[in-house]
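Structure at a glance
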Amino acid sequence: MSQTTIALLFLAFAIVSFILEKIPLGLTATICALGLTLTGVLDASTTFAQYVNSNVILCVGMFVVGQALFETGMANKIGGIVTKFAKTEKTLIIAIMVIVGVMSGLLSNTGTAAVLIPVVCGIADESGYSRSRLLMPLVFAAALGGNLSIIGAPGNLMGVNALQEMGLPTSFFMYAPVGVPMLILGIIYFACLGYRFLPKKTETVGAVQTQTDFSNVPKWKQTVSLAVLVAVIIAMIFEDEIGVSIQLSSCIGAVILVVTKVIDEKTALKSIDLEVVLLFGGSLALAKALDVTGAGNLIADKIVGFLGTNPDPMILLLVIFIVTCTITNFMSNTATTALMVPIAVSLANNVGADPRAVVIATVIAGSCAYATPIGMPANTMVIGLGGYRFKDYVKSGLPLIGFSFVVCMVLLPILFPFYP
């Protein structure tokens with residue numbers, strides 16, 4: 001059996017396993033990595049190098065930095081300050097989406113949603129507004145906000161890694177030129193039209209997650225957690241000027257928080273999501289195998305062949321967005337991005353186009369899991385609390401996907417020309 005066939009078989013296994021989710025996502029990716037090594041497609045040093053990839057280290061460092069903000073209660077305080085000034089349901093939806101969107105761009109989008117869901121539930125119950133009118137905008141804003149920076153979602157770093165391997169420049173706010181308009185348009189959509197599609201449940205559904213009491217947390221810990229986050233982000237933005245890599249900045253921030261006892265060592269270690277690390281490392285190994293065996297190019301050739309001779313790059317952009325967006329609504333958005341990024345790169349290379357627009361479109365399409373309750377963890381978190389049904393996600397999410405699609409198709413070719 002050829003190495004190309006073996007790589008394609010492991011890709012098929014990963015797709016099926018990611019969709020069914022009978023095996024944890026991280027374990028699926030690790031099985032692929034180990035299988036590719038045992039079959040000789042990759043050597044051991046190449047495989048395990050993916051698990052200590054610089055972007056995996058960045059992810060680990062930011063887990064700790066972000067957790068400190070949650071652990072000290074600073075995230076709750078920020079969320080509460082903004083939402084308490086909203087006097088009507090519509091302004092409350094806007095306030096929630098703004099704060100969640102911004103925080104998700106600088107922290108974990110799933111983590112931001114998790115910590116603010118009980119806050120918003122409490123606000124809804126106290127004010128008399130239906131939770132179902134507030135929670136869906138919250139989780140959608142978390143997904144939209146994840147497109148503001150390279151650390152907003154794990155899938156973002158997979159796109160960064162692919163471009164770095166091709167020697168193309170990346171930056172902390174690489175996705176922001178598209179992500180910011182998407183977030184703004186998403187907020188406008190819910191303020192003007194989307195709120196009409198939100199279900200209104202008159203009864204209180206589910207139990208609110210218990211809000212942690214942070215009154216005993218020293219204020220200096222909250223201040224330091226916020227200061228370190230801001231300092232790390234500034235260092236990442238000015239990476240070239242200060243000569244410190246973004247990976248090193250995140251690790252320094254994490255160490256400072258542990259050394260100063262803002263967050264204890266055990267909590268810091270628990271904050272590191274090993275499933276994401278395993279999924280990231282294993283997916284990079286699979287992507288490497290698709291590259292070195294030519295399997296990725298083979299898939300790209302078939303797609304290009306289906307589209308005809310010399311397809312327009314805009315058609316490729318359209319196809320990759322639609323395919324990725326469809327898949328991400330029925331399986332993990334991170335797993336979808338991991339699978340589609342190497343294929344997107346091969347497609348761009350196949351027609352000789354600059355891959356940046358295609359890669360960014362793939363990453364953003366991977367976050368457009370608005371139409372089902374299973375595409376993103378945050379979507380699933382609010383099903384019971386909001387009393388949502390499947391069709392509620394479809395009604396509110398499909399128009400938002402349409403707006404995201406239009407933004408990408410208009411801006412990406414302008415910002416990242418196919419043939420610069």
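Reading the values: the criteria
- Residues numbered from 1 in each chain as written.
- Predicted model: local features only at pLDDT ≥ 70, side-chain atom pairs only at ≥ 80, totals over all residues.
- Heavy atoms only, no water.
- UniProt positions renumbered as here; feature names shortened; annotations may be inferred.
- Phe/Tyr/Trp six-rings, centres within 6.5 Å; stacked < 30°, edge-to-face > 60°.
- Helix = DSSP H or I, 4+ residues; strand = E, 2+ residues; numbered from the N terminus.
- Buried < 20%, exposed > 50% of the residue type's maximum accessible area, 1.4 Å probe, protein only.
- Contact = heavy atoms within 4.5 Å.
- Salt bridge = Lys/Arg side-chain N within 4 Å of Asp/Glu carboxyl O.
- Disulfide = S-S within 2.5 Å.
- Axes fitted to C-alpha atoms, helices over the stretch in contact; angles between N-to-C directions.
- Parallel < 35°, antiparallel > 145°, perpendicular 65-115°, else oblique.
- Left-handed = near helix turned anticlockwise from the far one by under 90°.
- Expected span 1.5 Å × (residues − 1).
- Arc of directions from axis to C-beta.

Looking at an unreviewed UniProt entry, the chain carries the name SLC13 family permease, with the source organism given as Anthropogastromicrobium aceti. Per UniProt, the comment on the chain under Subcellular location (unreviewed entry) is "Membrane".

Moving on, we come to the packing of aromatic side chains. Any pair of aromatic rings gets described here by the distance separating the centres and the angle formed by the planes. Applying the stated rule across the entire model yields 8 aromatic pairs. A ring pair is formed by phenylalanine 140 and phenylalanine 190, whose centres lie 6.0 Å apart and whose planes are at 45 degrees; its orientation type is tilted. Of this pair, phenylalanine 140 sits in helix 8 (residues 135-145) while phenylalanine 190 is found in helix 10 (residues 176-192), placing the two residues 50 residues apart along the sequence. Comparing phenylalanine 140 with phenylalanine 190 shows no difference in burial state: the two are buried. Ring geometry for tyrosine 388 and tyrosine 393: centres 5.7 Å apart, planes at 70 degrees, overall edge-to-face. For the residue pair tyrosine 388 and tyrosine 393, the accessibility class agrees, reading buried in each case. An aromatic cluster of at least three residues, connected via ring pairs, comprises Phe140, Tyr189, Phe190, Tyr370 and Phe403.

Looking at the secondary structure, you find threonine 267 in helix 14 (residues 265-271). With a relative accessible area of 18%, threonine 267 lands in the buried category. The residues touching threonine 267, leaving out its near neighbours within four places in the chain, are Gln67 and Glu71.

Bringing the side chain of serine 271 into the picture now. You can see serine 271 is positioned in helix 14. Contact partners of serine 271, with chain neighbours within four places excluded, come to Phe63, Val64 and Gln67.

The next point concerns the pattern of salt bridges. Side chains that differ in charge, positive against negative, can pair when their charged atoms come close. Per the counting criterion, the structure on display carries 2 salt bridges. Between arginine 133 and glutamate 89 there is a salt bridge whose closest N-O contact spans 3.2 Å. Placement of the pair is arginine 133 in the loop between helix 7 (109-127) and helix 8 and glutamate 89 in helix 6 (residues 89-106), with a sequence separation of 44 residues. The class of arginine 133 is buried, set by a relative accessible area of 9%. Residue arginine 356 pairs with aspartate 354 through a salt bridge whose shortest N-O separation is 2.9 Å. The residues arginine 356 and aspartate 354 share a single accessibility class, namely buried.

Our focus in this paragraph is the state of the cysteines. In total, this model carries 0 disulfides according to the counting rule given. With no disulfide of its own, cysteine 192 lies 20 Å from the sulfur of cysteine 368, the closest cysteine sulfur. Free of any disulfide, cysteine 325 has its nearest neighbouring cysteine sulfur in cysteine 368, separated by 4.8 Å. Taking the relative accessible area as the measure of exposure, cysteine 325 reaches 6% and is therefore buried.

With that out of the way, let us pick up the packing of helix 10 against helix 22 (residues 390-415). At their nearest, the axes of helix 10 and helix 22 sit 9 Å apart, and the two run at 150 degrees to each other. Between helix 10 and helix 22, the angle falls in the class roughly antiparallel. Relative to helix 22, helix 10 is oriented so that their crossing is right-handed. In contact with Pro177, Val178, Pro181, Met182, Leu185, Gly186, Tyr189 and Phe190 of helix 10, helix 22 contributes Lys395, Ser396, Pro399, Leu400, Phe403, Ser404, Val407, Cys408, Leu411, Leu412 and Leu415.

Of note in the backbone geometry, lysine 261 takes a positive phi value of approximately 70 degrees without being a glycine. Within the element layout of this structure, lysine 261 appears in the loop between helix 13 (246-259) and helix 14. The exposed category is assigned to lysine 261, whose relative accessible area is 58%.

On to helix 13, then. End to end, helix 13 covers 20 Å across 14 residues, agreeing with the expected 20 Å (1.5 Å per residue, within 8%). Burial in helix 13 covers these residues: Ile246, Gln247, Ser249, Ser250, Gly253, Ala254 and Leu257. What you see down the axis of helix 13 is that its buried residues fit within an arc of 165 degrees, all on one side. Away from its buried face, by an angle of more than 90 degrees, helix 13 presents the exposed residues Val255 and Val259. One or two residues past the end of helix 13 sits lysine 261, with phi positive at roughly 70 degrees.

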